[in-house]
Amino acid sequence: MMALLTRQDLSSIICWMSHGRSWRIINTREFELQVIPLYFEHSKFSSFIRQAKGWGFRRICEGGHKNCYYNEYFLRGLPHLIKKMPRPGASQKFELDPDHEPDLLKISLEHPVP
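Each chain has its residues counted from 1, following the order in which its sequence is written. Totals for whole chains, interfaces and linings use every residue, but because this is a predicted model, local features are given only for residues with pLDDT of at least 70 and side-chain atom pairs only at 80 or more, for both listing and counting. Working from all heavy atoms in the structure, the side-chain values ignore hydrogens and water.

1. Considerations on the environment of P114
Each helix is a run of DSSP H or I of at least 4 residues and each strand a run of E of at least 2, with the numbering of both proceeding from the N terminus. Relative to the helices and strands, P114 resides in the segment after helix 4 (104-110). The rule is simple: take the accessible area with a 1.4 Å probe, protein chains only, and divide by the maximum for that residue type; under 20% is buried, over 50% is exposed, in between is partly exposed. Judged by its relative accessible area of 58%, P114 falls in the exposed class. Put simply, P114 and L75 are 39 residues apart on the chain and 8.6 Å apart in space, counted from C-alpha to C-alpha. Discounting residues that sit within four places of it in the chain, P114 has contacts with R76, G77 and L78. Contact between two residues is taken to exist if any of their heavy atoms lie within 4.5 Å; hydrogens are not considered.

This is the structure in structure tokens:
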């Protein structure tokens with residue numbers, strides 16, 4: 001994910017949010033056609049999302065960052081943190097809870113990432 005998010009030629013399909021704490025797929029269809037076959041061993045968008053959730057990425061459900069994905073250890077410019085992203089087992093799945101989503105912009109103002 002880190003490699004594909006750094007590719008400027010894909011920025012109209014998938015990109016980091018300005019604060020560098022989450023990413024968004026802008027064009028789902030193009031992502032499925034152009035990106036998934038190059039980086040993953042499958043070709044379905046639903047499989048990609050399932051895989052991302054399996055690695056602990058959470059989807060933001062409300063507000064200006066709706067449909068963005070984040071993980072506290074997946075931050076732009078800090079690839080060494082990825083080592084702290086263990087793949088959770090079935091008993092550790094994250095539940096979506098819009099009432100307790102982090103304010104990533106506020107966090108970034110206090111603790112900016114590169």
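2. Focus: the layout of surface pockets
Within this scheme a cavity is a closed region of a 1 Å grid, computed over the protein atoms alone, that accommodates a 1.4 Å probe without allowing it to escape, whereas a pocket is open but has protein on both sides within 12 Å along at least five of seven lines; lining residues each have an atom within 4 Å of a point. Grid points are joined across faces, edges and corners, and a volume is the space filled by probe spheres set on the points. Of the volumes computed, that of the second largest pocket is approximately 250 Å³. The wall of the second largest pocket is formed by M1, M2, W23, F40, F48, Q51, A52, W55, F57, F74, I82 and M85. In terms of residue count, helix 3 (residues 45-54) provides more of the lining of the second largest pocket than any other element does, three residues in total. Basically, the charged four are Asp, Glu, Lys and Arg, the nonpolar ten are Ala, Val, Leu, Ile, Met, Phe, Trp, Tyr, Cys and Pro, and anything else, Gly included, counts as polar. Residues belonging to the lining of the second largest pocket are distributed by class as follows: eleven nonpolar, one polar and no charged.

3. Some points on the side chain of S47
Relative to the elements of secondary structure, S47 occurs in helix 3. You can call S47 buried: its relative accessible area is 17%. Polar contact is defined as a pair of N or O atoms within 3.5 Å, subject to the rule that within protein one atom must be able to donate a hydrogen and the other to accept it, and that residues adjacent in sequence are counted only when both atoms are side-chain atoms. Here R50 takes part through its side chain, which lies 3.3 Å from a polar atom of the side chain of S47.

4. Focus: helix 3
Every buried residue of helix 3 is accounted for by S47, F48, I49, A52 and G54. Packing partners of the buried residues in helix 3 comprise strand 2 (22-25), helix 2 (28-39) and strand 4 (68-70). Positive backbone phi, approximately 90°, marks G56, located one or two places after helix 3.

5. Observations regarding the sheet that holds strand 1 (residues 14-16)
An order of 1-2-4-3 is seen for the four strands of this open sheet, with the pairing classed as antiparallel. If you trace the sheet from one side to the other, it starts and ends with strand 1 and strand 3 (58-59), each paired once. Pairs of strands are assigned from DSSP output, requiring at least two bridges between the strands. When strand 2 meets strand 4, the two strands line up antiparallel, connected through three bridges. Bridge pairing links R24 to C68 in strand 4.

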